[in-house]
Amino acid sequence: AVVSTQSTGELYKKLLGLKHNELQQKMDRLLNGLLKLQSTSSQVDDLKAKLASQEIELKQKNEDADKLIQKVGVETEKVSKEKEIADAEEVKVDGINKEVSIKASDCERDLAKAEPALVAAQQALDTLNKNNLTELKSFGQPPPAVINVVAGVLVLLSPPNKIPKDRGWKAGKLLMAKVDQFLDQLINYDKENIHENNLKAMEPYLSNPEFDAEFVKSKSLAAAGLCAWVVNIITFYRVFCDVEPKRLALAQANSDLAAAQEKLATIKAKIKELDDNLAELTASFEKATADKLRCQQEAETTQKTISLANRLVGGLASEIV
């Protein structure tokens, strides 16, 4: 009976120890759960605060991106309009360029008609020299054809309001008194600006059949050279006058072309500036968009973490209960 009582006591003591251990484990588990629940709840609060901050940042990023896309749209429209203007101006420049090319060819073609007369006048001057001009002016009383040639030269070299009425041999010899100076006057003669008064005074000489270099050549080589020079200089001037309106039109077209090219260059410079500005805005917009997406992803990640944490808290709380 004593043994049985002792065994029962030991068994009871053993069972009590087991229950104590089991209860202690449950208490430890409860305590750990409470601590974890407290920690997780605190983390959820932190995550919620973080999410709120991220949502504010995301809102700002959205606003920034929206403002930038509006600016990009405005600047794109500006560039588009300027390019339309530039395209129209390029068409205008191209048209003027073609017009200039046509007028230049026209002028060159007509001036080419005057070239032979200019060359002939130069060749006539080449036949003149100090010796044969000195010989010419030494004539006592040369043939009328020679006198007329020198008179014609006198008319051309005289100021338009001082054309002498006396164009006799004495006046002709005085004109050639200084041979070198006389030759310089012929060489440097302003062949593109012969006054109407001089041309009118030349008419009687030019209409004279004997006013011909070949005819005069038999009388005097120097006089023939002067005759050829007079005839060809006047021929050149008449062709030049025919071309002059075309030359003026060409000059105006060139001026218009230069102005149009300058305007086009200004427009293109403005387009470049706008393009550069647009590129800068586009880069800013792309960065803002990337920032917005990053911020949005971070907020979504935080939201998912909060959801998981809430599920964990719920699970812990149910276990504790």
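Our subject is the structure that appears above.
Residues numbered from 1 in each chain as written. Predicted model: local features only at pLDDT ≥ 70, side-chain atom pairs only at ≥ 80, totals over all residues. Heavy atoms only, no water.

S.K.: Even after reading the chapter, I still don't get the overall build of the protein chain, so can you show me in this structure?
M.R.: When its secondary structure is counted, the protein chain shows eight helices and zero strands. Helices and strands appear in the protein chain in the N-to-C order α-α-α-α-α-α-α-α. The C-alpha atoms of the protein chain give 55 Å as radius of gyration, which overshoots the globular expectation for 321 residues (20 Å, by more than 25%). Counting every position in the protein chain, which comprises 321 residues, the buried fraction comes to 32%. The contacts in the protein chain between residues at least 6 apart in sequence include a share of 86% that link residues at least 24 apart. Of the roughly 20,500 Å² that the protein chain leaves accessible, carbon and sulfur atoms contribute 55%. (Helix = DSSP H or I, 4+ residues; strand = E, 2+ residues; numbered from the N terminus. Rg over C-alpha atoms; globule rule 2.2 N^0.38 Å. Buried < 20%, exposed > 50% of the residue type's maximum accessible area, 1.4 Å probe, protein only. Contact = heavy atoms within 4.5 Å. Areas by Shrake-Rupley, 256 points an atom, 1.4 Å probe, with all protein chains shown as cover.)

S.K.: I would appreciate a short explanation of the pattern of salt bridges in the present structure.
M.R.: Close approach of charged atoms allows side chains with opposite charge to pair. Throughout the structure, instances matching the rule amount to ten salt bridges. A salt bridge links Lys78 to Glu75, with the nearest nitrogen and oxygen atoms 3.3 Å apart. Of this pair, Lys78 and Glu75 both sit in helix 1 (residues 2-126), three residues apart, roughly one helical turn. (Salt bridge = Lys/Arg side-chain N within 4 Å of Asp/Glu carboxyl O.)

S.K.: What am I meant to see in the nonpolar core here?
M.R.: Taken as a class, soluble globular proteins show a tendency for nonpolar side chains to be buried jointly. Counting 44 residues, the largest nonpolar core has Leu133, Leu136, Phe182, Leu186, Leu226 and Trp229 as the members making the most contacts within it. At the level of elements, helix 1, helix 2 (130-137), helix 3 (144-157), helix 4 (169-175), helix 5 (179-187), helix 6 (196-206) and helix 8 (221-320) are the ones that each hand at least two residues to this core. Here this core takes eleven residues from helix 3, the largest share from any one element. Dropping the residues within four chain positions of it, Leu186 is found in contact with Leu125, Leu128, Val153, Leu157, Leu226 and Trp229. Core analysis: the next-biggest nonpolar cluster, separate from the first, contains 15 residues, Ala86, Ala104, Val239 and Ala260 among them. (Core = buried A, V, L, I, M, F, W, Y, C linked by side-chain atoms within 4.5 Å.)

S.K.: I would appreciate a short explanation of the environment of Phe215 in the present structure.
M.R.: Position of Phe215 among the secondary structure elements: in helix 7 (residues 213-217). Along the chain, Phe215 and Gln123 lie 92 residues apart, while their C-alpha atoms are 17 Å from each other. Each residue touching Phe215, except ones within four places of it in the same chain, is listed here: Ala145 and Glu210.

S.K.: Help me understand the packing of aromatic side chains in this model?
M.R.: Each aromatic ring pair is characterised by the separation of its centres together with the angle its planes make. Using the criterion set out here, one finds three aromatic pairs in the structure. Considering the side-chain rings of Tyr189 and Trp229, the 5.4 Å spacing of their centres and the 75° angle between planes classify their relative orientation as edge-to-face. Linking Tyr189 in the loop between helix 5 and helix 6 with Trp229 in helix 8, this pair joins segments that are 40 residues apart in sequence. Residue class for Tyr189 comes out buried when judged on its relative accessible area of 14%. Summarising the aromatic geometry, the rings of Phe236 and Phe240 are spaced 5.9 Å apart at their centres and angled 25° between planes, so their arrangement reads as stacked. Residue Phe236 and its partner Phe240 are both found in helix 8; the two are separated by four residues, about one turn of the helix. Across this residue pair, the class does not change: Phe236 and Phe240 are buried. (Phe/Tyr/Trp six-rings, centres within 6.5 Å; stacked < 30°, edge-to-face > 60°.)

S.K.: What is the right way to read helix 3 from this model?
M.R.: Side chains of residues three or four places apart in an α-helix project in the same direction, reflecting 3.6 residues per turn. Counted at 1.5 Å a residue, the expected span for helix 3 with its 14 residues is 20 Å, and the 20 Å between its end C-alpha atoms agrees. When helix 3 is considered as a whole, its buried residues turn out to be Ala145, Val146, Ile147, Val149, Val150, Ala151, Gly152, Val153, Leu154, Val155, Leu156 and Leu157. (Expected span 1.5 Å × (residues − 1).)

S.K.: Teacher, can you tell me more about the environment of Ile163 here?
M.R.: The topology assignment puts Ile163 in the loop between helix 3 and helix 4. Its relative accessible area of 19% is what places Ile163 among the buried residues. Between the alpha carbons of Ile163 and Asp180 there is a distance of 22 Å; along the sequence they are 17 residues apart. In this structure Ile163 touches Val155, Ser158, Asn197, Asn198 and Ala201, once residues within four positions along its chain are discounted.

S.K.: Whenever I open this one, a nonpolar patch on the surface confuses me. Can you help?
M.R.: A surface patch of nonpolar side chains, amounting to about 290 Å² of accessible area, comprises Leu11, Leu15 and Leu18. Considering the arrangement of structural elements, one finds Leu18 in helix 1. (Patch = residues over 30% accessible without salt bridge, like charges linked within 9 Å, V, L, I, M, F, W, Y side chains within 5 Å.)

S.K.: Can you walk me through helix 5 in this structure?
M.R.: When helix 5 is considered as a whole, its buried residues turn out to be Val179, Phe182, Leu183 and Leu186. Angular distribution of buried residues about the axis of helix 5 spans 100°; they occupy a single face of the element. (Arc of directions from axis to C-beta.)

S.K.: Please explain the packing of helix 2 against helix 5 as it appears in this structure.
M.R.: When two helices pack together, their arrangement is given by the angle between the helix axes and the distance between those axes. Two numbers describe how helix 2 lies on helix 5: the axes approach to 10 Å, and their chain directions differ by 110°. The angle between helix 2 and helix 5 places the two elements in the roughly perpendicular class. Here Lys130, Leu133, Thr134 and Lys137 of helix 2 come into contact with helix 5, specifically with Val179, Asp180, Phe182 and Leu183. (Axes fitted to C-alpha atoms, helices over the stretch in contact; angles between N-to-C directions. Parallel < 35°, antiparallel > 145°, perpendicular 65-115°, else oblique.)

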